[in-house]
Amino acid sequence: MHPTFDTEILFPVIGKEEPWEGENIMSHSEKETNAEAMKQKAIDDWLPITASRKAKWWYSAYHNLTAMVGAGVLSLPFAMSNMGWGPGATVLVLSWIITLYTLWQMVEMHETESGKRFDRYHELGQHAFGEKLGLWIVVPQQVVVEAGTCIVYMVTGGKSLKKVHDTICPDCREIKTSYWIMIFASVNLVLAQCPDFNSISVISFSAAAMSLTYSTIAWCASIKKGVAPDVDYGSRSTSTADTVFNFFSSLGDVAFAYAGHNVVLEIQATMPSTPENPSKKPMWKGVILAYIGVAFCYFPVALIGYYMFGNSVDDNILITLERPAWLIAAANLFVFVHVIGGYQVFAMPVFDMIETCLVMRLKFQPSRVLRLTSRSIYVALTMLIAMCIPFFGSLLGFLGGFAFAPTTYFLPCIIWLKLKKPEKYSFSWIINWLCIFIGVVLMILAPIGALRNIILSAKNYTFFS
C-alpha cells in the first residue's frame, strides 16, 4: 500500500499567516526545519530504495545471487575455450576472490560509525569525492551497467523463450525474435509496478532458484553426455590476431559476470540497522551465501563444460548439448524466469534515480500515475533498443569495460583508500592497489575484443530480425 501524502508537507503553501510580533523567531526557524525534514521523510518513504527497511538477511542472499548470476554463465565454457585451462581457471578464480573482497568493502562502508547510511552507490561516491564529482564518477557508470544489463536481459529473455518454442515444436512456423522480446517486455511491464525492493523478493527468490537449476542442468547434462570424441583443448583460432582478440573478449565475459556491486548498497538499504545490530551483519551473511551459490553455478559449468567439449563448445552450452529436447527446453524456460527477476533487480535502482529526479528536481507530486508512466517508458525504451541492436551484448562489453570493471573491481578500493586511509605499504594498502591494477587492465583490454565483435556482427544485421 502506498503512503498518503500531505501536499502541504511535500510542497509547503506560500503565503501562510506570519507569526504575531511577540512569537519567538527561532521557533519559526525550527518549524521550517521540521517541515523540511517531514517533507524529505515522506519522499524517502515513497522512493523504492528507502520505502521499506524490513528486509531479512536471506533477502540479501537471493537478491545478490539474482544480480550476480546471469545467463552469461552458460557462455563460460566458451570463454574457457578461448583462454585455455591455465589462464581461464586463473581469471575465473581471481574474479571470484577480488569481487568478494570489494563487495565486503562496500558492505562495510554502507554506514558510518555515527549511523549515517549511504543507501545508494552515488551517495557513497559523493561522501568520498564530493557532492558534484562523486555524482559524475559513479552515476554514468552505474547507469551504463544497470540499463545495459536490462537491455541484454531483454534480448536473452526473448531468445530463451524462442528456443523453448522451437525446441518443443520444431515444425511450427518460425516467430521473429522481436516478438518474443515483446512478450518478455510485457511481463516486465507488469512486474515493474512493484513499489520497492522488498516487494520483488518473491520474484528475486524464484530467479535465484532458476539460476541454480539451469546451471545444474548444464553441467549434469554435460557429464551425462560424456567427453566428446577427439576432444581438443587447443586454440580454436586460425590466426594469432584471432587468438588475442578472442582472449580479450573472453576476459570480459568472465570479468563482467560479477556485476552485483552496482546494486549492493541499494539492497543493503532495505535492511534495518541499529547500533547493536548494524545492517552489515545480516547483509554480509546473505552475501556469503550468495557467493557460495555463485561458485556452485560458475565453476562446474565452466570447467566441466570445457572438459567435456573442448574447443568445439558453442557460446551457449545448452546449444552444444541439444538432447534431450525436453531438458533443454526446460533449461531455457528457467533462463527466461531468471532474467525476468534479474531485470527487476537491476531496474529498481534506475527507477529510484528516475523517480528521485522527477520528485526532487522537477517537483512532480509522488503518485501511482507518476510511477506507472515513468517505469512503463523505461521498460518500453529497453525493449526497443533490444529489438534494434541484437549485438548489444558485445556493445555492452565495450561500454562495460569503462563501467563494469571500475564499479566492481577497483572503484570500491579507491573509495576504501580515501575513507579508511590504511597505512602505506600495509597489507590492506597493497591488496587494494593490486585490485586497482587488475581492474584497470580489465578496463583497457576487455573492450578491445568486444569492439571487434561489434564490427563483425554489424556487417550482416537487419533491423527487427
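Calculation criteria
Note on numbering: residues in each chain are counted from 1, in written sequence order. Local features in a predicted model are, by the rule used here, given only for residues with pLDDT of at least 70; side-chain atom pairs are given and counted only at 80 or more, and totals for whole chains, interfaces and linings are based on all residues. Calculated side-chain values reflect all of the structure's heavy atoms, with hydrogen atoms and water omitted. Secondary structure elements are defined from DSSP: runs of H or I of at least 4 residues count as helices, runs of E of at least 2 residues count as strands, and each element is numbered from the N terminus. Relative accessibility decides the category of a residue: with a 1.4 Å probe and only protein chains considered, values under 20% of the type maximum give buried, values over 50% give exposed, and everything between is partly exposed. The contact definition used throughout considers only heavy atoms, calling two residues in contact when any of these lie within 4.5 Å. In this description, accessible areas are obtained by the Shrake-Rupley approach with a 1.4 Å probe, and a residue is regarded as covered only by the protein chains that are shown. UniProt positions are given in the numbering used here, feature names are shortened, and annotations may be inferred rather than shown by experiment. The rule is short: rings of Phe, Tyr and Trp, with Trp giving its six-membered ring, pair when the centres are within 6.5 Å, and they are stacked under 30 degrees, edge-to-face over 60, tilted in between. Cavities and pockets were defined on a 1 Å grid built over protein atoms only: a cavity is a set of grid points that admits a 1.4 Å probe from which the probe cannot escape, a pocket is an open set flanked by protein on both sides within 12 Å along at least five of seven lines, and lining residues are those with an atom within 4 Å of any such point. Grid points are joined across faces, edges and corners, and a volume is the space filled by probe spheres set on the points. Any residue that is not Ala, Val, Leu, Ile, Met, Phe, Trp, Tyr, Cys, Pro, Asp, Glu, Lys or Arg is counted as polar, Gly included; the first ten are nonpolar and the last four charged. Axis lines are fitted through C-alpha atoms, for helices just across the contact stretch, and the angle between N-to-C directions can take any value from 0 to 180 degrees. Under this scheme an angle from 65 to 115 degrees is roughly perpendicular, one under 35 degrees roughly parallel, and one over 145 degrees roughly antiparallel; angles in between are oblique. Each crossing gets its handedness from the near helix: less than a right angle anticlockwise from the far helix is left-handed, clockwise is right-handed. Salt bridge, as applied in this entry: a Lys or Arg side-chain nitrogen positioned within 4 Å of an Asp or Glu carboxyl oxygen.

1. Overview of the overall build of the chain
Here comes step 1: Looking only at helices and strands, one finds 18 helices and zero strands in the chain.
Here comes step 2: Relative to its 465 residues, the chain shows a buried fraction of 52%.
Here comes step 3: The long-range share in the chain, meaning contacts at least 24 apart out of those at least 6 apart in sequence, stands at 85%.
Here comes step 4: Accessible surface for the chain amounts to roughly 21600 Å². Of this, 67% is attributable to carbon and sulfur atoms.

2. Observations concerning the UniProt feature "transmembrane region" (unreviewed entry) in the chain
Here comes step 1: Look at the UniProt record and you will see "transmembrane region" (unreviewed entry) annotated at residues 61-79, 85-104, 288-309, 329-351, 372-392 and 429-455.
Here comes step 2: The span residues 85-104 is 100% helix and 0% strand, and its two end C-alpha atoms sit 29 Å from each other.
Here comes step 3: Secondary structure over residues 329-351 splits into 100% helix and 0% strand, and the C-alpha atoms at its two ends are 33 Å apart.

3. Describing the packing of aromatic side chains
Here comes step 1: If you walk through the whole model with that rule in mind, you get 15 aromatic pairs.
Here comes step 2: Centroid distance Y59 to Y62: 5.9 Å. Interplanar angle 35°. Geometry classified as tilted. Here the residue Y59 and the residue Y62 both occupy positions in helix α3 (residues 57-68), the gap between them amounting to three residues, near one helical turn.
Here comes step 3: For Y62, a relative accessible area of 12% translates into the label buried.

4. Looking at the environment of H261
Here comes step 1: Its place among the elements puts H261 in helix α11 (residues 261-268).
Here comes step 2: We classify H261 as buried; its relative accessible area is 0%.
Here comes step 3: Along the backbone, H261 and T102 are 159 residues apart, and their C-alpha atoms lie at a distance of 8.2 Å.
Here comes step 4: Among all residues touching H261, those that are not within four sequence positions of it are T99, T102, L103, M106, Y121, Y291, T407 and T408.

5. A look at the environment of M308
Here comes step 1: Within the secondary structure, M308 is located in helix α12 (residues 280-309).
Here comes step 2: For M308, a relative accessible area of 9% gives the class buried.
Here comes step 3: On a C-alpha basis, the gap between M308 and V231 in space is 7.5 Å, while along the polypeptide they are 77 residues apart.

6. Some remarks on the environment of K163
Here comes step 1: When you line up the elements, K163 lands in helix α7 (residues 131-168).
Here comes step 2: As a C-alpha pair, K163 and A329 span 166 residues in sequence and 7.0 Å in three-dimensional space.
Here comes step 3: Every residue in contact with K163, bar those within four places of it in the chain, is listed here: I328 and N332.

7. Some words on empty space enclosed by the protein
Here comes step 1: Scanning the entire structure with this criterion turns up one cavity of 30 Å³ or more.
Here comes step 2: Within this model, the largest cavity holds a volume of roughly 30 Å³.
Here comes step 3: What lines the largest cavity is R120, Y121, H122, Q142, E266, P349, D352 and M353.
Here comes step 4: Those elements that provide at least two residues to the lining of the largest cavity are α6 (121-129) and α14 (325-361).
Here comes step 5: Class assignment for the residues of the lining of the largest cavity results in three nonpolar, two polar and three charged.

8. Brief notes about the packing of α6 against helix α17 (residues 404-420)
Between two packed helices, the angle of one axis relative to the other and the distance separating the axes together describe the packing.
Here comes step 1: Where α6 contacts α17, the axes come no closer than 9 Å and their chain directions differ by 40°. With respect to each other, α6 and α17 are oriented oblique. As for the relative orientation of α6 and α17, their crossing is left-handed in sense. Mapping the contact onto sequence places Y121, L124, G125, H127, A128 and F129 in α6 and T407, L411, P412, I414, I415, K418 and L419 in α17.
Here comes step 2: When grouped by side-chain class, the residues that make up the contact of α6 with α17 number nine nonpolar, three polar and one charged.

9. What about the pattern of salt bridges?
Here comes step 1: Applying the stated rule across the entire model yields eight salt bridges.
Here comes step 2: Between R120 and D352 there is a salt bridge, with its nearest N and O atoms 2.5 Å apart. On the criterion of sequence distance, the pair formed by R120 in the loop between α5 (85-109) and α6 and D352 in helix α14 is long-range, its members being 232 residues apart. Here R120 and D352 have matching classes, each one buried.
Here comes step 3: A salt bridge links E355 to R375; the shortest N-O distance between them is 2.7 Å.

10. A look at the layout of surface pockets
Here comes step 1: As a volume, the second largest pocket reaches approximately 640 Å³.
Here comes step 2: Contributing to the lining of the second largest pocket are 21 residues, with H122, Q126, L135, T356 and R361 lying nearest its centre.
Here comes step 3: Contributing elements (two or more residues each) for the lining of the second largest pocket: α2 (25-44), α6, α7 and α14.
Here comes step 4: The element that contributes the greatest number of residues to the lining of the second largest pocket is α14, accounting for six residues.
Here comes step 5: By residue class, the composition of the lining of the second largest pocket is nine nonpolar, five polar and seven charged.

11. Describing unusual backbone geometry
Keep in mind that most residues, glycine aside, have a negative phi and that most peptide bonds are trans.
Here comes step 1: With phi around 65°, K363 is a residue other than glycine that occupies positive phi space.
Here comes step 2: Along the chain, the position of K363 falls in the loop between α14 and α15 (368-388).
Here comes step 3: The residue K421 is not glycine, and still its phi comes out positive at about 50°.
Here comes step 4: You can see K421 is positioned in the loop between α17 and α18 (427-458).

12. Observations concerning helix α4 (residues 76-83)
Here comes step 1: For α4, a buried count of seven out of eight residues is recorded, marking the element as mostly surrounded by other parts of the structure.
Here comes step 2: Where α4 is concerned, the buried positions are L76, P77, A79, M80, S81, N82 and M83.
Here comes step 3: For α4, the elements touching its buried residues are α5, α10 (240-255), α12 and α13 (317-321).
Here comes step 4: Once α4 finishes, G84 follows within two positions and takes phi at roughly 90°, a positive value.

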